[in-house]
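Structural description and commentary
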Amino acid sequence: LSSAASDVYKRQIVPLSMEHSVVRYDGEKAAKKCQRWQKIAESAAKQSKRDIIPQIAEVSAIDKLMAECDCTTKIIAYECEDRQGLKHVLQSNLNTDSILIIIGPEGGISEAELDKARIGGAVPVSLGRRILRAETAGLTALSAVLYEFDELGG
């Protein structure tokens, strides 16, 4: 799905440092953590027999991400969104060739971060009636993308 995205963000996981993030990573600590996450991604890809191993990018800020990512569809999972669900946005963008999905931290997404995402072209969506943990929200969103784009088989 990300074939038209810039090489910087193709098939990548970009950890974001956000206002309500509990853990802060900078400098050497961030680099070591990214190396560890990359090893986990490689191991998981091998285990699931994936040809493509997602690259773990360096920790970024949302404004930098929005400025540098040229995905044609940008989505931000926002816990207070009550008008538009992920399913609707995905079904409205079935011809897209690249998708960015932003998942906020456990503490939620600040209004300033939401504004930066919107200015950068991201559409706020709900992932359902329940507020999910950050790691669960990411898996839920990616599973929905795979389902909507017929990547789950069957």
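Residues numbered from 1 in each chain as written. Predicted model: local features only at pLDDT ≥ 70, side-chain atom pairs only at ≥ 80, totals over all residues. Heavy atoms only, no water.

**Points about helix H4 (residues 111-119)**
How we decide: Remark: exposure states derive from per-residue accessible area (1.4 Å probe, protein chains only) relative to the maximum for the residue type, with buried under 20%, exposed over 50%, and partly exposed in between. A run of H or I in DSSP counts as a helix once it spans at least four residues, and a run of E counts as a strand once it spans at least two, with each numbered from the N terminus. Note that the arc is computed from the directions linking the helix axis to the C-beta atoms.
Burial in H4 covers these residues: Glu113, Leu114 and Ala117. One side of H4 holds all its buried residues, which, seen down the axis, span an arc of 100°. In the stretch just after H4, Gly121 is the one whose phi turns positive, near 100°.

**Points about the nonpolar core**
Note on soluble globular proteins: their nonpolar side chains tend to be buried together. Here is the rule: To define a nonpolar core, start from buried Ala, Val, Leu, Ile, Met, Phe, Trp, Tyr and Cys residues and group those joined through side-chain atoms within 4.5 Å. When checking whether two residues touch, look at their non-hydrogen atoms; a contact exists if any pair is within 4.5 Å.
In this structure, Ile62, Leu65, Ile76, Leu100 and Ile102 are the most contacted members of the largest nonpolar core, which totals 17 residues. Those elements that provide at least two residues to this core are helix H2 (62-68), strand E4 (99-103) and H4. Residue contacts for Ile102: discarding those within four places in its chain leaves Leu16, Ile62, Leu65, Met66, Ile75, Ile76, Ala77 and Ala117. By size, the runner-up hydrophobic cluster in this structure holds nine residues, among which are Leu90, Ile99, Val125 and Val145.

**Some details on the pairing of E4**
To keep it simple, the criterion reads: Two strands qualify as a pair provided that DSSP identifies no fewer than 2 bridges between them. A right-handed crossover is one whose linking path, passing over the helix from the first strand to the second, runs clockwise when the strands point away from the viewer.
Pairing geometry for strand E3 (residues 73-77) and E4, over five bridges, is parallel. Across the sheet, Ala77 pairs through a bridge with Ile103, a residue of E4. Between the parallel pair E3 and E4, the chain is carried across by helix H3 (residues 86-92), and the sense of this crossover is right-handed.

**A few points about the layout of surface pockets**
Condition: Cavities and pockets are defined on a 1 Å grid built over the protein atoms alone: a cavity is a set of grid points where a 1.4 Å probe fits but cannot escape, while a pocket is an open set with protein on both sides within 12 Å along at least five of seven lines, and lining residues are those with an atom within 4 Å of any such point. Grid points are joined across faces, edges and corners, and a volume is the space filled by probe spheres set on the points.
Quantified by volume, the largest pocket comes out at close to 2200 Å³. In terms of lining residues, the largest pocket is bounded by 50 residues, among which Gln12, Ile13, Val14, Gly138 and Leu142 are the most central. Every element with two or more residues in the lining of the largest pocket is listed here: strand E1 (12-13), helix H1 (27-47), E4 and helix H5 (134-148). Here the element with the most residues in the lining of the largest pocket is H5; it accounts for eight residues.

**Side note on unusual backbone geometry**
Positive phi, normally seen in glycine, also occurs at Lys49, with a value near 55°. As for its placement among the helices and strands, Lys49 is situated in the loop between H1 and strand E2 (55-56).

**Describing a nonpolar patch on the surface**
Let me state the cut-off plainly: The patches reported here contain residues having more than 30% relative accessible area and no salt bridge. Joining distances are 9 Å for like charges and 5 Å for nonpolar side chains (Val, Leu, Ile, Met, Phe, Trp, Tyr). Only the protein chains shown count as cover for residues, and the accessible areas themselves come from Shrake-Rupley with a 1.4 Å probe. Within this document, salt bridges are pairs made up of a side-chain nitrogen of Lys or Arg and a carboxyl oxygen of Asp or Glu, the two lying within 4 Å of each other.
A surface patch of nonpolar side chains, amounting to about 330 Å² of accessible area, comprises Leu146, Tyr147 and Leu152. Note that Tyr147 resides in helix H5.

**A closer look at the pattern of salt bridges**
It is possible for side chains of opposite charge to pair when their charged atoms get near one another. Taken as a whole and judged by the stated rule, the model has four salt bridges. Arg83 is the partner of Glu81 in a salt bridge, and the nearest nitrogen-oxygen pair spans 3.9 Å. Residue Arg83 is classed as exposed on the basis of its relative accessible area, which comes to 71%.

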